[in-house]
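Chain residues, written in single-letter form:
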Amino acid sequence: MNKEKTAVLVQMGLATIFAVLYAAAVRFCNAGFAQTQTPTLVCTLLLATILLAAGGCLLRRREEIPESAVSLVIWMGVLIRILHVAYTPVGFLQNDLGMFAPDNYGNMGYVYYLYTYGTLPDVNPMSHYQFYHPPLHFAVCALLLRVAAFFGGDIGRMGVRYLQILPLVYSALTLLYFDKTAKKMKVPVTGRFLAVCAVAFLPYQILLSGAVHNDPPVLLFMVMSVYYALVWYEEPTALHIFQLALAIGLGMMTKISAALVAPGIGVLMLMRAFQSRAEWKRYLGQFCFFATVVFPLGLWYAVLRFVQFRMPLTYAPGLPEDSIQNISRYSVWERFFDFSGAFTVPYIQWDRQEAFADHNIFTTLVKYAVFGEADYSRVADTVRVVSVLMLWATMVLLLLMLAGIVLFLGDQTIAVHVRTLVLVCIAVVFAMYVKFCLEFTFICAMNIRYILAAIYLGMLAMGYGFSGVIRRLEAGNRKAGKVLRMSLAALFWIYVTGSILLEFNLDVLM
């Protein structure tokens, strides 16, 4: 076993020990919280000290960020997700959950129907909340519950708990495929470290690891689609285009928005075919094969529901005009450029009948990234302090992402097909997100879950872009390049630390 593998195993072991201590600290603080918040404050400071010291040891006196550091962050990201699911209640920050019961139309109502009857709901999906979604995720949920019931599981009481295994697995696989995509793009180790720190410890991504709706699996399929597109580009075989078609098709069978990565991937495929245009018959055959897999998988449900009930392909249910979320009174200019009052409180302000409701797309996106749709900063002093700090840190992170994307697109040393794929995918997802926000004038339309694929690719671009700056700086001044690398690595490790501390304080309250 070489030194790098040994270092990975040692660091993963230490991270696991830290997770055990974290769990013990949660139990200790939770038991004493009713009397005083002092135990939570002390444990928060102790955990912060351990994490910052660990980061200092990891990055101290290094010319390069080690490969083991990337593996460590991924493993820590998986561990914090396991702890989140273990400690938070079933209904915590769930979207459109509903109940596992007859005549219920949320996500769990969809699962109940598939679990009970084993067929698609024989009702108009436009009049039954959440039934408009393609069925793959809900069918997998129903299958898991059938397995649990076969082994004696209490489905009525524990059904949602069992189902949280699925987003936990999806979330872990997304991190792995994210790093595989970065490697396929040839992002340097420093850039991969920055990108993995960002996506593994974005607070909303930790919250999403326990969500039983279809956003965790569709994000996984979208990341997988980009990865397999790059695999096919390097080696355009029938197997690889089948893997790509399967990823996109299954993604669309989970949620139709998975198709938003298809335009970027389509451009990539045409670029590859043009480079080898002398073999046009081969590529034409592969593209036809691709279509015979993608279109039946991705569109059968939409076509079926259109034929049955005239449901539009991109149907999404609306909210009543008198909803407290209605922000139609704000102009397009205000939706983009009005920042007044946005941070009077750190969490989302919902009620349009009050003096202020969140309407600025960027500031609301940042709030969603940290709080989701909750306002938990009001619960305890330590939570309020850490969550507000993470709010501003996340804003800085997203601004760094935008700067990194610009650097990435301007770096001529990065392969043209990589820059084109990332640019088109980000542009399409972002454009559709903005279009949705402006047409569907309700606060919930600005949820970060609708743009996560673009943020993931943006973080990859950021890592790649800053790596290029470091490389060029080192060419002229090696010491300056090293200082920038370690400064960025330290900054992102501090972000990781803050995210863990926020999650710890939330777990104490649960």
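Fair warning: this is a prediction, and the values are worked out from it, not measured in the lab.

So, on to the environment of Leu21. Within the secondary structure, Leu21 sits in helix H1 (residues 3-32). Between the C-alpha atoms of Leu21 and Ser340, which are 319 residues apart in sequence, the distance is 42 Å.

All right, on to the packing of aromatic side chains then. Scanning the model with the defined rule gives 25 aromatic pairs in all. Ring geometry for Phe436 versus Phe440: centroids 5.2 Å apart, planes at 5°, classification stacked. Overall, the relative accessible area of 14% leaves Phe440 in the buried class. Among the aromatic residues, those joined into a ring-pair cluster are Tyr110, Tyr113, Tyr117, Phe131 and Phe138. Looking at Arg146, its charged tip hangs above the ring of Tyr115, at a distance of 5.3 Å from the centre.

Now for the environment of Ile256. Tracing the chain through its elements places Ile256 in the loop between helix H11 (238-254) and helix H12 (262-275). Put simply, Ile256 and Gln37 are 219 residues apart on the chain and 45 Å apart in space, counted from C-alpha to C-alpha. Once residues lying within four places of it in the same chain are set aside, the contact partners of Ile256 are Pro134, Gly298, Leu299 and Leu313.

Here the protein shows a mean pLDDT of 90. Residues at 70 or above account for 98%. Across the protein, element-level confidence peaks in helix H10 (residues 215-234) with a mean pLDDT of 97 and bottoms out in helix H6 (residues 155-163) with 80.

Let's shift gears to the layout of surface pockets. Computed from the structure, the largest pocket encloses a volume of approximately 1300 Å³. Contributing to the lining of the largest pocket are 50 residues, with Tyr132, Lys255, Ala316, Phe436 and Tyr450 lying nearest its centre. For the lining of the largest pocket, the secondary-structure elements that each account for two or more residues are H10, helix H13 (280-309), helix H17 (416-439) and helix H18 (452-476). Element by element, the count of residues in the lining of the largest pocket is highest for H17, at six residues. When grouped by side-chain class, the residues that make up the lining of the largest pocket number 32 nonpolar, eleven polar and seven charged. Quantified by volume, the second largest pocket comes out at close to 390 Å³. Considering the residues around the second largest pocket, the lining is formed by 20 residues, among which Leu389, Met390, Ala393, Ile494 and Gly498 are closest to the centre. Elements supplying a minimum of two residues to the lining of the second largest pocket: helix H2 (38-59), helix H16 (381-410) and helix H19 (478-509). In terms of residue count, H16 provides more of the lining of the second largest pocket than any other element does, nine residues in total. When its residues are assigned to classes, the lining of the second largest pocket shows 16 nonpolar, four polar and no charged.

Residues separated by three or four positions in an α-helix point in the same direction, a consequence of the helix having 3.6 residues per turn. A rise of 1.5 Å per residue sets the reference length of H18, with its 25 residues, at 36 Å; its end C-alpha atoms lie 37 Å apart and thus fit the reference within 8%. Most of H18 is tucked away, with 19 of its 25 residues classed as buried.

Moving on: the packing of helix H3 (residues 67-87) against helix H8 (residues 189-200). Two numbers describe how H3 lies on H8: the axes approach to 9 Å, and their chain directions differ by 10°. As summarised for this structure, H3 and H8 are arranged roughly parallel, according to the angle between their axes. Together, Glu67, Ala69, Val70, Val73, Ile74, Gly77 and Arg81 of H3 and Val189, Arg192, Phe193, Val196, Cys197, Val199 and Ala200 of H8 make up the contact between the two elements. Looking at the contact of H3 with H8 residue by residue, the class counts come to ten nonpolar, one polar and three charged.

Next up on the list: the nonpolar core. General note: in soluble globular proteins, nonpolar side chains tend to be found buried as a group. Among the nonpolar cores identified, the biggest contains 173 residues, and Phe193, Ile448 and Met459 are the most heavily contacted of them. The element that contributes the greatest number of residues to this core is H10, accounting for 15 residues. Setting aside residues no more than four positions away along its own chain, Phe193 makes contact with Leu58, Ile65, Ala69, Val70, Val73, Ala489 and Trp493.

Glancing now at empty space enclosed by the protein. Considering all chains together, one arrives at four cavities of 30 Å³ or more under this definition. Put simply, the largest cavity is a space of about 60 Å³. Every residue along the wall of the largest cavity is listed here: Phe178, Thr181, Met222, Val223, Val226, Val261, Ala453, Tyr456, Leu457 and Leu460. Of all elements in the fold, only helix H7 (165-184), H10 and H18 reach the threshold of two or more residues within the lining of the largest cavity. For the lining of the largest cavity, the element with the most residues is H18, which contributes four residues.

For the rest of this paragraph, the subject is the packing of H10 against H11. The interhelical angle for the contact between H10 and H11, taken along N-to-C directions, is 160°, at an axis separation of 8 Å. The angle between H10 and H11 places the two elements in the roughly antiparallel class. For the crossing formed where H10 meets H11, the hand is left-handed. Contacts from Pro217, Val218, Phe221, Met224, Ser225, Tyr228, Ala229, Val231 and Trp232 in H10 reach His240, Ile241, Gln243, Leu244, Ala247, Ile248, Leu250, Gly251 and Thr254 in H11.

Turning our eyes to something else, we now look at a nonpolar patch on the surface. Nonpolar side chains collect at one region of the surface, where Val10, Leu14, Ile17 and Leu21 lie side by side and expose about 380 Å² of accessible area between them. In this fold, Leu14 is placed in helix H1. When its relative accessible area of 54% is taken as the criterion, Leu14 is described as exposed.

What counts, and at which threshold
- Residues numbered from 1 in each chain as written.
- Predicted model: local features only at pLDDT ≥ 70, side-chain atom pairs only at ≥ 80, totals over all residues.
- Heavy atoms only, no water.
- Helix = DSSP H or I, 4+ residues; strand = E, 2+ residues; numbered from the N terminus.
- Phe/Tyr/Trp six-rings, centres within 6.5 Å; stacked < 30°, edge-to-face > 60°.
- Buried < 20%, exposed > 50% of the residue type's maximum accessible area, 1.4 Å probe, protein only.
- Lys NZ or Arg CZ within 6 Å of the ring centre and 35° of its normal.
- Contact = heavy atoms within 4.5 Å.
- pLDDT = per-residue confidence, 0-100.
- 1 Å grid on protein atoms, 1.4 Å probe; cavity = no way out; pocket = protein on both sides within 12 Å on 5 of 7 lines; lining within 4 Å.
- Points joined across faces, edges and corners; volume = space filled by probe spheres on them.
- Nonpolar A, V, L, I, M, F, W, Y, C, P; charged D, E, K, R; others polar.
- Expected span 1.5 Å × (residues − 1).
- Axes fitted to C-alpha atoms, helices over the stretch in contact; angles between N-to-C directions.
- Parallel < 35°, antiparallel > 145°, perpendicular 65-115°, else oblique.
- Core = buried A, V, L, I, M, F, W, Y, C linked by side-chain atoms within 4.5 Å.
- Left-handed = near helix turned anticlockwise from the far one by under 90°.
- Patch = residues over 30% accessible without salt bridge, like charges linked within 9 Å, V, L, I, M, F, W, Y side chains within 5 Å.
- Areas by Shrake-Rupley, 256 points an atom, 1.4 Å probe, with all protein chains shown as cover.
- Salt bridge = Lys/Arg side-chain N within 4 Å of Asp/Glu carboxyl O.

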